[in-house]
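Observations on chain architecture
Residue-level listing of the chains:
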Amino acid sequence: MAKTIERRDVVIVGGGPAGLAAAISAHEAGQTDILVLERDTQLGGILNQCIHNGFGLHTFKEELTGPEYAARYIERAAELGIEYRLGTMVIDISPERLVTAVSSADGITQVEAGAIVLAMGCRERPRGALATPGYRPAGVYSAGTAQRLVNIEGQMPGREVVILGSGDIGLIMARRMTLEGAHVACVAEIMPYSGGLKRNIVQCLDDFGIPLLLSHTVTRVEGRDRVEAVWIAEVDERMQPIAGTEVRYPCDTLMLSVGLLPENELSRDAGVQISPVTRGPVVDQSLQTSVRGVFACGNVLHVHDLVDYVSEEAAAAGANAARFVAQAQAETEADRGIPVVAEGGVRYTVPSFVSPQLMDDRLTVRFRVANVYRDHFVSVYLDDERIQHRKKRVMAPGEMESVVLRRADLLAREGLQRITVKLEEE
Amino acid sequence: MYDVIIVGAGVSGCAIARELSRHDCSVCVVERDEDVCCGTSKANSAIVHAGFDAEPGSLMAQLNVEGNRLMYEWARELDVRCDQCGSLVVCVSEDDREGLEVLRRRGEANGVPDLRIIEREELLGMEPNISDEAVAALWAPTGGIVDPFGLTVAMAENAAANGVEFRFCAPVSDVRRADGCWQVVAGGQALQTRAVVNAAGVYSDDIHSLFVGALGDADVAPAACGHVVPTDGFSIIPRKGEYYLLDTTAGQHVRHTIFMLPTKMGKGVLVSPTVHGNLIVGPTATDVEDKESTDTTAEGLAEVATKSALTVKNVPLREVITTFAGLRAHQSAHDFVIGEVAGDTGLFDCAAIESPGLTSSPAIGRMLADMVAGYVGAPEKAEWDGTRTGIPSVSDLSFDEWDALCQRDPAFGNVICRCRRISEAQIVDAIHRVPGARSLDAIKRRTFATAGRCQGGFCTPKIMEILERELGMSPQEVTKRGPGSELVVGYNKDRIAAPAGDAEGGEA
């Protein structure tokens, strides 16, 4: 391959909401030599198929559709003259930050990056991963695939729909399919609570009279060629189907909204350490992964509920990547800092390490909870001392939570060993 | 008038077609499904068996060992993924050691080379994840793994390149015998042929009966010696096998095919890498009545999960990307049924091809092709090309090689299936080969697109578009696997009545 290797200050893998916000922020932080690599034929990522409104309430104080929200960032990137390549899929990232990509236009190309921002997003957990018994006919779709068929291609995946899983895309698709003329029989959720946002349950199910069956799951798929029916049973506290509760739902379509998985195959190839809980990279206060100069943000880091938080997080990652390049690797080999430990109902935190010397004055630590908690306190401990204690009326796994750490607090404690975020009843 | 009609385009039918294409005769394969490899051939363990299982002297033993040897040759000639990784039969109890000896002796009687019993220490070196209970194993270096879809497709393509015709969506519905010839109605078309090969998988007993029922008294003669099948036939019992397929992240969990030596507690399941880098775990063995019941069951999958732990530690079942079930064409005598139906019938059975049918397929192809070519009196062609080049797989190439392909055809640079890294050029190639892919699953069998960890979540709409473009289909005509499995049913709002005022031709 007699091609020269390019050299760019910041390479951003993915041109969705995370990649765009990171690129803009890196530029605003003073690094103008930026390249965004996007595998799709346009920028904007999954937002392009999210034609419903409700995006941007936090960021822009108005309700935008997905494409409108993306357009704000695409336009800003254009104003700044940020370079991007479409139809270009990154196929390898080396620990030395050599990025290899492939496209129809240029074949295989390689870029040596001063810093890399990982912003590849996530994928849906497929039916196969649930090992749901039955046949494997046409008409079983993950909700996002169905969303693309309906919202981009204008095609109806089916007429009579059952949805398994109450993740946000499933809830949104329950409403969308109804609006397009299909009948949605029900949404079955194996957990005793929904994995989606409360507002989506109200606006997408309740408003359309679509039942949400909590503690229920699909136990069998019928139909050799095309879905003919699914069987739904109630589950016990161990999530096992309860004998005798099976009900047959005749339908031609089963949609799945049973979880999103950060897409980290490239990160693994680069040697990035992955958290078994989030399935995303383990990062420090600057959203830097275990590989120096490689940062992560958005759904590739951990699955978000609102795109506004993706943008916010990605802006931090972009600025930090720019700072990394500016410092010309002057930093010594990163000591990973003080661990942030998730306990008592907190499933994980992002970041999971903090160096007080290197952090900004305020650092948002995001997390998700493991169950539905009512009237619980979110507490932050520096070693054994509780420094924050805030009551929340309700917390649910479907909604992301956060605490803010102040640099001054951390620096004030000498010999700090660990920061703990946990839920407490009182 | 054909010389030969082969009923069934599974691995046996396609192997026979490929071998018959060496001969100067006209051959047509009729298949009820929309593609090759749609029945038992697509849902099995994908193993190249060494040949120590079958009863010495049986047709199964002979064809397994011969098929094993031919498989690695054919894989090279036909550019099929195949890996002689070797297999291990693991003994998990000192009490059962003698069983390993029995197997070794049986294998040697069958002509399996290089069998050796290894002790725990050596076994652990070969398979670090082997069960703590494992005491010894039978090592069969000629065992291996193969791509069953790729093999069947490759044999079909090679047969087609040498003049064999394929008719899909063509179930045999009626048969007549006249003037020493067969009239076969397949897919509504009346076809004539001198000889028929019944390679109909789990339906081979029904197809046998259908043809035998059309024989006149003059055709039938008492069974003679050699490979002759009596007219009264046999009965196929579909035996269901359920499997887990794990992601490539689990593909290195074992390096060889791990079988369990059957114990008093029963038979285990196999754990094996696949040629696509996944880990396969299964199968169960449950006799069922319905020849279409390729559905998985909660009980079957639970059984596989439990039994996998008998030989291999910590099988990462959470990495499952799909589960599936296949039906083996079992018959009670547990041997292949291969030969001409008694008398001057021109009817050849290739039936009850259960495990090790995939391994045996090259040998089965040769055996039947010789018989049938003899019957129709077809000499070998002076020139015959037994080689075939597969679809280039960009994920297997170096960056330089991939780049070179992109320079030749930019569509190699457009990655459609991100999980398995399959480019648009590969999918287009799969569609335009003969016989070509016309459905999502047909493309999966040829390229492995949609077979990755997202199971087609991202690439399904893209592949649908390519099928529409290349074959001039409407979106509603694109199927998962042939008629009845359409992927979309119409357009948005097409069933919502327009408001009265908007109705075309409505009253003013």
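Residues numbered from 1 in each chain as written. Chains lettered and ligands numbered in written order. Predicted model: local features only at pLDDT ≥ 70, side-chain atom pairs only at ≥ 80, totals over all residues. Heavy atoms only, no water.

1. Considering the overall build of chain A
The line we're drawing: Comment: elements are numbered from the N terminus, with helices defined as DSSP H or I runs of at least four residues and strands as E runs of at least two. Restricting the calculation to C-alpha atoms gives the radius of gyration, and the globule rule supplies 2.2 Å times the number of residues raised to the power 0.38. Burial classification: accessible surface area is computed with a 1.4 Å probe over protein chains only, and a residue below 20% of its type maximum counts as buried, one above 50% as exposed, and the rest as partly exposed. When charges are tallied, Lys and Arg are placed among the positive residues and Asp and Glu among the negative ones, while His and the ends of the chain are skipped. Positions of charges follow a simple convention, taking NZ of Lys, CZ of Arg, CG of Asp or CD of Glu.
Helices and strands together make up the secondary structure of chain A, namely eight helices and 28 strands. Since a compact globule built from 426 residues should have a radius of gyration of about 22 Å, the 22 Å found for chain A is in line with a globular shape. Along the three orthogonal principal directions, the C-alpha set of chain A runs to about 65 × 60 × 40 Å. Classification of the 426 residues of chain A by burial places 59% in the buried group. Charged side chains in chain A number 44 positive and 57 negative. The centres of these two groups are separated by 2 Å.

2. A closer look at the domain arrangement of chain B
Frequently, the measure chosen for interface size is the accessible area removed from exposure when the parts meet. Residue and element names in this part refer to chain B. Cut-off, in case you're wondering: The source of the domain bounds is an automatic or database domain assignment. Contact definition: two residues touch when any of their heavy atoms are within 4.5 Å. Note on terms: buried area is the combined drop in 1.4 Å-probe accessible area of two parts once they are placed together, counting the loss on both. The salt bridge criterion pairs a side-chain nitrogen of Lys or Arg with a carboxyl oxygen of Asp or Glu, the two atoms within 4 Å. Under the rule applied, a polar contact is a pair of N or O atoms within 3.5 Å (in protein, one hydrogen donor and one hydrogen acceptor; residues adjacent in sequence only if both atoms are side-chain atoms). Note on residue classes: Ala, Val, Leu, Ile, Met, Phe, Trp, Tyr, Cys and Pro are nonpolar, Asp, Glu, Lys and Arg are charged, and everything else, Gly too, is polar.
In terms of domains, chain B is made up of domain 1 (2-41 + 149-234 + 333-376), domain 2 (87-141 + 237-329) and domain 3 (394-492). Taking the mean C-alpha position of each, domain 1 and domain 2 sit 32 Å from one another. Each partner contributes to the interface: domain 1 provides 10 residues, whereas domain 2 provides six residues. Buried surface at the junction of domain 1 and domain 2, both sides included, amounts to about 780 Å², of which 51% is carbon and sulfur. In terms of surface lost to domain 2, no three residues of domain 1 exceed Val202, Tyr203 and Glu354, which account for 54% of the buried area on that side. Summed over the shared surface of domain 1 and domain 2, the number is three salt bridges. A salt bridge links aspartate 205 to lysine 291, with the nearest nitrogen and oxygen atoms 2.7 Å apart. Between the two partners, domain 1 and domain 2, sit six residue pairs in polar contact (both at pLDDT 80 or more). Per-class residue counts for the side of domain 1 that touches domain 2 are four nonpolar, two polar and four charged.

3. Some details on the environment of B:Gly57
With respect to the helices, strands and loops of the structure, B:Gly57 is situated in the loop between β3 (47-48) and α2 (59-78). A C-alpha to C-alpha distance of 31 Å links B:Gly57 and B:Ile280, two positions 223 residues apart in sequence.

4. A closer look at the pattern of salt bridges
Here the idea is simple: oppositely charged side chains can pair when their charged atoms come close. Applying the stated criterion to the full structure yields 73 salt bridges over all chains. With a closest N to O distance of 3.1 Å, B:Lys313 and B:Asp132 form a salt bridge. Taken as a pair, B:Lys313 in the loop between α7 (298-311) and β19 (320-330) and B:Asp132 in the loop between α4 (120-126) and β7 (136-140) lie far apart in primary sequence, 181 residues in all. Taking the relative accessible area as the measure of exposure, B:Asp132 reaches 51% and is therefore exposed. The shortest N-O distance in the salt bridge between B:Asp441 and B:Lys480 comes to 3.2 Å. Taken together, the positions of B:Asp441 in helix α11 (residues 440-447) and B:Lys480 in the loop between α12 (460-471) and β24 (490-491) put the pair 39 residues apart, joining distant regions of the chain. Side by side, B:Asp441 and B:Lys480 carry an identical accessibility label, which is buried. Salt bridges here are not isolated pairs; linked through shared partners, they connect A:Arg39, A:Arg123, A:Glu263, A:Glu265, A:Arg268, B:Asp247, B:Arg418 and B:Arg453.

5. Some details on α2(B)
Residue and element names in this part refer to chain B. Formally: The angle between axes fitted to the seven-residue stretch ending at a residue and the seven-residue stretch beginning at it gives the bend at that residue.
At methionine 71, α2 shows its largest kink, close to 30°. With 14 of 20 residues buried, α2 is to be regarded as a mostly interior element. Phi turns positive, to about 55°, at aspartate 79, one or two residues after α2.

6. Things to note about helix α5 (residues 198-205) of chain A
Residues and elements named next belong to chain A. As a reminder, the rule being used: Summarising the geometry, the arc corresponds to the directions from the helix axis toward the C-beta atoms.
Among the residues of α5, those classed as buried are Asn200, Ile201, Cys204 and Leu205. Buried residues along α5 cover an arc of 105° about the axis, so they all sit on one side. Check the buried side of α5 and you find it contacts α4 (168-179), β13 (183-189) and β14 (212-214).

7. Description of the sheet that holds strand β4 (residues 82-83) of chain B
Residue and element names in this part refer to chain B. Condition: In this analysis, strands are considered paired if DSSP registers two or more bridges between them.
In spatial order, the strands read β3-β8-β4; together these three strands make up an open sheet with antiparallel pairing. Two strands close off the open sheet at either side, each with one partner strand: β3 and β4. The sheet contact formed by β4 and strand β8 (residues 144-146) spans two bridges and is antiparallel. Each bridged residue has a counterpart across the sheet, and for cysteine 82 the counterpart in β8 is valine 146.

8. Description of unusual backbone geometry
For residues besides glycine, phi is generally negative; the peptide bonds are generally trans as well. Residue and element names in this part refer to chain B. Put simply, glycine 282 and proline 283 share a cis peptide bond, and its omega is -5°. The topology assignment puts proline 283 in the loop between β17 (279-282) and β18 (286-287). At the junction of serine 355 and proline 356, the peptide bond is cis and its omega measures out at 10° in the coordinates. By the secondary structure assignment, proline 356 is in the loop between β21 (347-351) and α8 (357-376). Even without a glycine there, the phi angle at alanine 46 is positive, about 60°. Mapped onto the elements, alanine 46 comes out in the loop between β2 (27-30) and β3. Overall, alanine 46 belongs to the buried group, its relative accessible area being 12%. With phi around 50°, cysteine 169 is a residue other than glycine that occupies positive phi space. The residue cysteine 169 is located in the loop between β9 (165-167) and β10 (172-178) in this model.

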